[in-house]
Amino acid sequence: MSAAGLRAEVESFLYDYAACLNEERFAEWPDFFDERECVYEILSRENRDLNLPAPIMGCYSHGMVRDRVAMLVKGTLTYRHMYLLHQVSNVRAVREPDGSIRAAAGLVVHQSSEEGVPSLYIVGRYQARLRSVAGGFRIVKMEVILDSFGIDTMLAVPL
Amino acid sequence: MSAAGLRAEVESFLYDYAACLNEERFAEWPDFFDERECVYEILSRENRDLNLPAPIMGCYSHGMVRDRVAMLVKGTLTYRHMYLLHQVSNVRAVREPDGSIRAAAGLVVHQSSEEGVPSLYIVGRYQARLRSVAGGFRIVKMEVILDSFGIDTMLAVPL
Amino acid sequence: MSAAGLRAEVESFLYDYAACLNEERFAEWPDFFDERECVYEILSRENRDLNLPAPIMGCYSHGMVRDRVAMLVKGTLTYRHMYLLHQVSNVRAVREPDGSIRAAAGLVVHQSSEEGVPSLYIVGRYQARLRSVAGGFRIVKMEVILDSFGIDTMLAVPL
């Protein structure tokens, strides 16, 4: 596949990922991850730049990823509901020698209250390693690296 | 056309649509719509999610679409002028069995006053049905679904 | 190359340009410009619309472009450090009869303080003329046209 073709495929994958979150189809979110091995981490850019290992939150297996959204799927988590819009921008993708894909993208999330008042929620980026599967990709590692790590809410839903 | 090819075509179309609005070429805006039948609606996400039918505004024919911008084209509408920047993000497109195209995209509009002060204006998304024509598309139905439906201005110009 | 193919190439180029700035690899920034002739200007949309010639800042040779980042590269410039995220959106590209490429894109930059607090920094657009070279492009002219020209910082780093 050409470089432009690979990027187009990765864009589609990340747009589907973002749509899943924006439309609050949380039960489908773990399907984006590789069942055999996967890592999902939210990190501050500061820690990342200083090579400090502590993430804001992390999941280190598919079971942990499923567990991340279990309370959302069952509807037992109580939190202030916000409408979210994920803008995934500037997608870049490279195929590695081992066949996996390294992908990066900008991420801006705007939140809107149920009264319709919008505000800037999250500024950061996705940095991912993907595995090709029939008809798409699975996430082997997803790092969400936040410029805006002073998060004013409880990160009730995944990014 | 491949799925990636279709998405690229729809991206071009929506970017042209946004450029028309950003550059205030309002006389050209109706040309994006199908002359025979077209719907243009601005809806709150709340109403949409609850299947409540009332839009914030709606046009149900090409004449109504032209009428929407008539006062802008003639320059008889007086309103506080703002520079607008439409970011159309995360474009997704599917060809339906009847040959029409279903398209979705994120929409964030920033406004800047004539003094150069920017602010977040609109957060929402486009949901459209398009018809293929020679060299592009025409809008059969365009829903602008707003997360930020507490609009602090009078929606003087289309979205 | 097809129109969609050209746009994809220009997207990749502008995303690489933005990544260079976001990742603060300022020494690499001049490499995006044509060594023989290049112009880099930051303009207010107001001046641009009125055909007033004064830019907010301008570089008119490759030496001036290198000079623009010299103090950043040497680390002798003292300024309040902010994390930046450039969102390049709605990329459009056309090949001109003389073989050069005219490109346009939306630009929104969010800044985040070292304490992790994000805010909207810049709203505007890129308007560029590019020259094709082996494996990519070089910038012959780059205009950064700002809707948000009341800039609350000192433009320490390039846009």
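See the structure above.
Throughout, a residue's number is its position along its own chain's written sequence, starting from 1. Chains and ligands are labelled sequentially in the order written, the chains with letters from A and the ligands with numbers from 1. pLDDT decides what is reported in this predicted model: residues at 70 or higher carry local features, side-chain atom pairs at 80 or more are listed and counted, and totals for whole chains, interfaces and linings draw on all residues regardless. No hydrogens and no water enter the side-chain calculation; it runs on all heavy atoms of the structure.

## Thoughts on the overall build of chain A
Put simply, DSSP H or I for four residues or longer makes a helix, DSSP E for two residues or longer makes a strand, and each gets a number counted from the N terminus. Scanning chain A from N- to C-terminus turns up 3 helices and 6 strands. Ordered by position in the sequence, the α and β elements of chain A form the string α-β-α-β-α-β-β-β-β. Computation of the radius of gyration draws on C-alpha atoms alone. For the globule rule, the value is 2.2 Å times the number of residues to the power 0.38. The C-alpha radius of gyration of chain A comes to 15 Å, within 12% of the 15 Å expected for a compact globule of 159 residues. Within chain A, the proportion of its 159 residues that are buried is 53%. In this description, contact between two residues means that some pair of their heavy atoms is separated by no more than 4.5 Å. Long-range contacts, defined here as pairs at least 24 residues apart, represent 59% of the contacts in chain A between residues at least 6 apart. Remark: exposure states derive from per-residue accessible area (1.4 Å probe, protein chains only) relative to the maximum for the residue type, with buried under 20%, exposed over 50%, and partly exposed in between.

## Here's the deal with a negative patch on the surface
Patch definition: residues above 30% relative accessible area lacking any salt bridge, with like charges linked at up to 9 Å and the nonpolar side chains Val, Leu, Ile, Met, Phe, Trp and Tyr linked at up to 5 Å. With residues, only the protein chains shown are counted as cover, and all accessible areas are computed by Shrake-Rupley using a 1.4 Å probe. We define a salt bridge as a contact between a side-chain nitrogen of Lys or Arg and a carboxyl oxygen of Asp or Glu at a distance within 4 Å. This count recognises Lys and Arg as positive and Asp and Glu as negative, with His and chain-terminal groups excluded. A single reference atom marks each charge: NZ on Lys, CZ on Arg, CG on Asp, CD on Glu. On the surface, a cluster of negative charge is made up of Glu 24, Glu 114 and Glu 115 of chain A together with Glu 46 of chain B. Topologically, Glu 115 of chain A is positioned in the loop between strand S4 (101–112) and strand S5 (118–133). We classify Glu 115 of chain A as exposed; its relative accessible area is 54%.

## A closer look at the sheet that holds strand S6 (residues 136–146) of chain A
Residue and element names in this part refer to chain A. A strand pair is defined by DSSP finding two or more bridges across the two strands. One open sheet accounts for 6 strands, arranged S2-S1-S6-S5-S4-S3; its pairing is mixed. Looking along the sheet, the strands with just one partner apiece sit at the ends: strand S2 (57–59) and strand S3 (83–95). For this sheet, the mean angle separating the axes of adjacent strands, direction not counted, is 20°. Sitting on the sheet, helix H1 (residues 3–22) is in contact with strand S1 (39–44), S3, S4, S5 and S6, with an inclination near 160° to S3. Every axis in this analysis is a line fitted to C-alpha atoms, fitted for helices over the stretch in contact. Angles between the N-to-C directions lie between 0 and 180 degrees.

## What to know about the interface of chain C and chain A
On the chain A side, the residues contacting the 25 residues of chain C number 21 residues. When the two sides are added together, the surface that chain C and chain A hide from each other amounts to roughly 1800 Å², 50% of it contributed by carbon and sulfur. Looking at the side of chain C facing chain A, the largest losses of area belong to Tyr 15, Tyr 83 and Leu 85 of chain C, adding up to 33% of the total buried there. Across the chain C-chain A interface, the total number found is 2 salt bridges. Here Arg 7 of chain A and Glu 11 of chain C are joined by a salt bridge, their closest N and O atoms 3.1 Å apart. Identification of polar contacts relies on pairs of N or O atoms within 3.5 Å, with a donor-acceptor requirement for protein atoms, meaning one able to donate a hydrogen and the other able to accept it, and with residues adjacent in sequence counted only if both atoms are side-chain atoms. Here chain C and chain A share 9 residue pairs in polar contact (both at pLDDT 80 or more) between them. With 9 residues, helix H1 (residues 3–22) of chain C is the single largest residue contributor to the side of chain C that touches chain A. Amino acids outside the nonpolar list (Ala, Val, Leu, Ile, Met, Phe, Trp, Tyr, Cys, Pro) and the charged list (Asp, Glu, Lys, Arg) are all regarded as polar, and Gly is one of them. Tallied by class, the residues present in the side of chain C that touches chain A amount to 10 nonpolar, 8 polar and 7 charged. Reported buried area values correspond to the accessible surface (1.4 Å probe) lost by two parts on association, with both partners' losses combined.

## Notes on the relation of the copies chain C and chain B
Superposing chain C onto chain B takes a rotation of 120° plus a shift of 0.0 Å along the axis, which leaves an RMSD of 0.0 Å. Those values place the two copies in the arrangement expected of a three-fold rotation axis. Minimal C-alpha distance to the rotation axis in chain C is attained by Ser 89 of chain C, lying at 4.1 Å. When the copies are superposed, the least-squares fit draws on C-alpha atoms of residues that have pLDDT of at least 70 in both.

## Side note on the pattern of salt bridges
Two side chains with opposite charge may pair up if their charged atoms get near one another. For the coordinates displayed, the defined rule picks out 33 salt bridges over all chains. A salt bridge links Glu 143 of chain A to Arg 48 of chain A; its shortest N-O distance comes to 2.7 Å. With Glu 143 of chain A in strand S6 and Arg 48 of chain A in helix H2 (residues 45–49), this residue pair connects regions lying 95 residues apart in the sequence. Overall, Glu 143 of chain A belongs to the buried group, its relative accessible area being 11%. Where salt bridges share partners, they join Arg 7 and Glu 11 of chain A, Arg 7 and Glu 11 of chain B together with Arg 7 and Glu 11 of chain C into one cluster.

## Here's the deal with the interface of chain C and chain B
Many descriptions give the size of an interface as the accessible area lost when the pieces come together. The partner chain B presents 25 residues to the 21 residues of chain C that form the contact. Taken together, both faces of the contact between chain C and chain B bury some 1700 Å²; the carbon and sulfur share is 50%. The largest share of the area that chain C buries against chain B comes from Arg 7, Asn 90 and Arg 92 of chain C, three residues that together contribute 33% of it. Connecting chain C to chain B are 2 salt bridges. A salt bridge links Arg 92 of chain C to Asp 16 of chain B; its shortest N-O distance comes to 2.8 Å. The tally of links from chain C across to chain B stands at 9 residue pairs in polar contact (both at pLDDT 80 or more). Top element by residues in the side of chain C that touches chain B is strand S3 (residues 83–95) of chain C. It accounts for 5 residues. Here the side of chain C that touches chain B is composed, by residue class, of 7 nonpolar, 7 polar and 7 charged.

## Let's talk about the relation of the copies chain C and chain A
For the pair chain C and chain A, the best superposition has an RMSD of 0.0 Å and corresponds to a rotation of 120° with a translation of 0.0 Å parallel to the axis. The two copies present different faces, since only 12% of the interface residues in chain C are matched by interface residues at the equivalent positions in chain A.

## Brief notes about the packing of H1 of chain A against helix H1 (residues 3–22) of chain B
In the contact formed by H1 of chain A and H1 of chain B, the axes pass within 10 Å of each other and the chain directions differ by 75°. By the angle between their directions, the pair H1 of chain A and H1 of chain B is classed as roughly perpendicular. Along its contact with H1 of chain A, which presents Ala 8, Glu 9, Glu 11, Ser 12 and Tyr 15 of chain A, the element H1 of chain B presents Ala 4, Arg 7 and Glu 11 of chain B. Along the lines of polarity and charge, the residues of the contact of H1 of chain A with H1 of chain B split into 3 nonpolar, 1 polar and 4 charged. Geometric relationships in this document are graded by angle, where less than 35 degrees denotes roughly parallel, more than 145 denotes roughly antiparallel, 65 to 115 denotes roughly perpendicular, and other angles denote oblique.

## Examining the environment of Leu 50 of chain C
Relative to the helices and strands, Leu 50 of chain C resides in the loop between helix H2 (45–49) and strand S2 (57–59). Along the primary structure Leu 50 of chain C and Val 65 of chain C are separated by 15 residues, whereas in three dimensions their C-alpha atoms are 26 Å apart.

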